[in-house]
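# Overview (structure and organization)
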Amino acid sequence: MSPNLTYVIVVGVLVAAGVTLLLERSLTRVLMGVILLGNGANLLLLTGGRAGAPPIVGSAPHEEMSDPLPQAMILTAIVITLGMTAFLLALAYRSWHLNGHDEVQDDVEDRRIMDLADRDEVPDDDVDGDDDEELPTTDERQLSTTAKGGRAG
């Protein structure tokens, strides 16, 4: 049995929209991304099942019964998505209550690492193309900083 092309396209759209929303900074959008991704996963599991008679022993021959495993996995995925939804709703509500918005703030350590990375970038102002001097490598810069008594890295 091959899956219906409509199901495959809908799964792709749901997963793509869910991942896009998960990458946002607003917890409300992250919540919507989790819901869309969960629904896409449920539909993907549904397309993997075989259609047939109910999987009750004695109601139909074994070859005509549908596979109960995708149904059980979908029920489990629904429960997990519901739990994640409840957690993210509580997180967004608490953030809104404390800060007045639900934007995720930058971590101080992440900001420091980004600033250090920005300072390590060498501007490309050598437009004529010849390299007059050789630039130090990252290891040489760390060694020179450590030798001067500063922090490395």
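Residues numbered from 1 in each chain as written. Predicted model: local features only at pLDDT ≥ 70, side-chain atom pairs only at ≥ 80, totals over all residues. Heavy atoms only, no water.

Turning next to helix α3 (residues 68-99). The end-to-end C-alpha separation of α3 is 46 Å, in line with the 46 Å expected for 32 residues at 1.5 Å each. Buried residues along α3 sit against α2 (27-47). Immediately beyond the C-terminal end of α3, within one or two residues, lies Gly100, with a positive phi of roughly 85°. (Helix = DSSP H or I, 4+ residues; strand = E, 2+ residues; numbered from the N terminus. Expected span 1.5 Å × (residues − 1). Contact = heavy atoms within 4.5 Å.)

This paragraph deals with the pattern of salt bridges. When charged atoms on two side chains of opposite charge get close, those side chains can pair. Taken as a whole, this structure holds two salt bridges when the rule is applied. Arg29 serves as the salt-bridge partner of Glu24, at 3.5 Å between the closest nitrogen and oxygen. What makes Arg29 partly exposed here is its relative accessible area of 44%. In this structure, Glu109 and Arg112 form a salt bridge, with 2.9 Å as the shortest nitrogen-oxygen distance. Here the residue Glu109 and the residue Arg112 both occupy positions in helix α4 (residues 108-120), the gap between them amounting to three residues, near one helical turn. (Salt bridge = Lys/Arg side-chain N within 4 Å of Asp/Glu carboxyl O. Buried < 20%, exposed > 50% of the residue type's maximum accessible area, 1.4 Å probe, protein only.)

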